[in-house]
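Coordinate analysis (summary)
Now for the letters of each chain:
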Amino acid sequence: MCVGPPRVPNTSEDILLKGKIKSYNPQNAFGFITQDSGEDDLFFFKNAFPEDQYGTIQVGKPVEYVVVAGQKGPQAAKTHVIDD
């Protein structure tokens with residue numbers, strides 16, 4: 001559980017974090033990532049991934065991402081699936 005405000009790095013410093021896809025709804029093109037850091041689950045839109053990885057967005061897949069400020073709080077950006 002996250003204590004205090006969530007960490008939202010300056011995008012010019014792009015800190016790559018790791019986690020796993022917890023859930024994904026392809027019809028609505030969004031999901032959530034469980035962060036390896038133990039902080040709260042993180043929202044993502046499908047377009048946070050490179051277009052050539054859309055088919056690899058699956059529950060349980062490990063990912064790297066940066067955290068950015070979204071309209072409703074922190075969310076993942078510059079996200080990509082990595083090898084196990």
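Treat the numbers as computed from the prediction; the structure is a model and nothing was measured.

1. Some details on the confidence of the model for the protein chain
- Here the protein chain averages 88 in pLDDT, and 83% of its residues register 70 or above.
- A low-confidence stretch, residues 1–6 (pLDDT under 50), is modelled with six contacts involving residues beyond four sequence positions or located in other chains.

2. A short note on the layout of surface pockets
- One number sums up the size of the largest pocket: a volume of about 190 Å³.
- Along its surface, the largest pocket is lined by Phe43, Phe45, Gly70, Gln71, Lys72, Gly73, Pro74 and Gln75.
- Every element with two or more residues in the lining of the largest pocket is listed here: β3 (42–45) and β5 (73–81).
- Top element by residues in the lining of the largest pocket is β5. It accounts for three residues.
- A per-class count over the lining of the largest pocket returns three nonpolar, four polar and one charged.

3. What about the nonpolar core?
- Within the largest apolar cluster, 13 residues are counted, with the highest numbers of intra-cluster contacts made by Ile21, Ile33, Phe44, Phe49, Val63 and Tyr65.
- Listed by contribution, the elements that provide at least two residues to this core are β1 (17–25), β3, β4 (62–70) and β5.
- Ignoring anything within four residues of it in the chain, the contact list for Val63 reads Leu17, Lys18, Gly19, Lys20, Ile21, Ile33, Phe49, Thr79, His80, Val81 and Ile82.

4. Thoughts on the environment of Leu17
- Looking at the element boundaries, Leu17 is found in strand β1.
- The spacing of Leu17 and Val67 is 50 residues in sequence and 8.1 Å in space, taken between C-alpha atoms.

5. Examining the environment of Phe32
- Inspection of the secondary structure puts Phe32 in strand β2 (residues 30–35).
- Judged by relative accessible area, which is 31%, Phe32 ranks as partly exposed.
- In sequence terms Phe32 and Lys20 are twelve residues apart; their C-alpha atoms lie 8.7 Å from each other.
- If we ignore the near neighbours within four places in the chain, the residues touching Phe32 are Lys20, Ile21, Lys22, Ser23, Leu42, Phe43 and Phe44.

Basis of the calculations
Residues numbered from 1 in each chain as written. Predicted model: local features only at pLDDT ≥ 70, side-chain atom pairs only at ≥ 80, totals over all residues. Heavy atoms only, no water. pLDDT = per-residue confidence, 0-100. Contact = heavy atoms within 4.5 Å. 1 Å grid on protein atoms, 1.4 Å probe; cavity = no way out; pocket = protein on both sides within 12 Å on 5 of 7 lines; lining within 4 Å. Points joined across faces, edges and corners; volume = space filled by probe spheres on them. Helix = DSSP H or I, 4+ residues; strand = E, 2+ residues; numbered from the N terminus. Nonpolar A, V, L, I, M, F, W, Y, C, P; charged D, E, K, R; others polar. Core = buried A, V, L, I, M, F, W, Y, C linked by side-chain atoms within 4.5 Å. Buried < 20%, exposed > 50% of the residue type's maximum accessible area, 1.4 Å probe, protein only.

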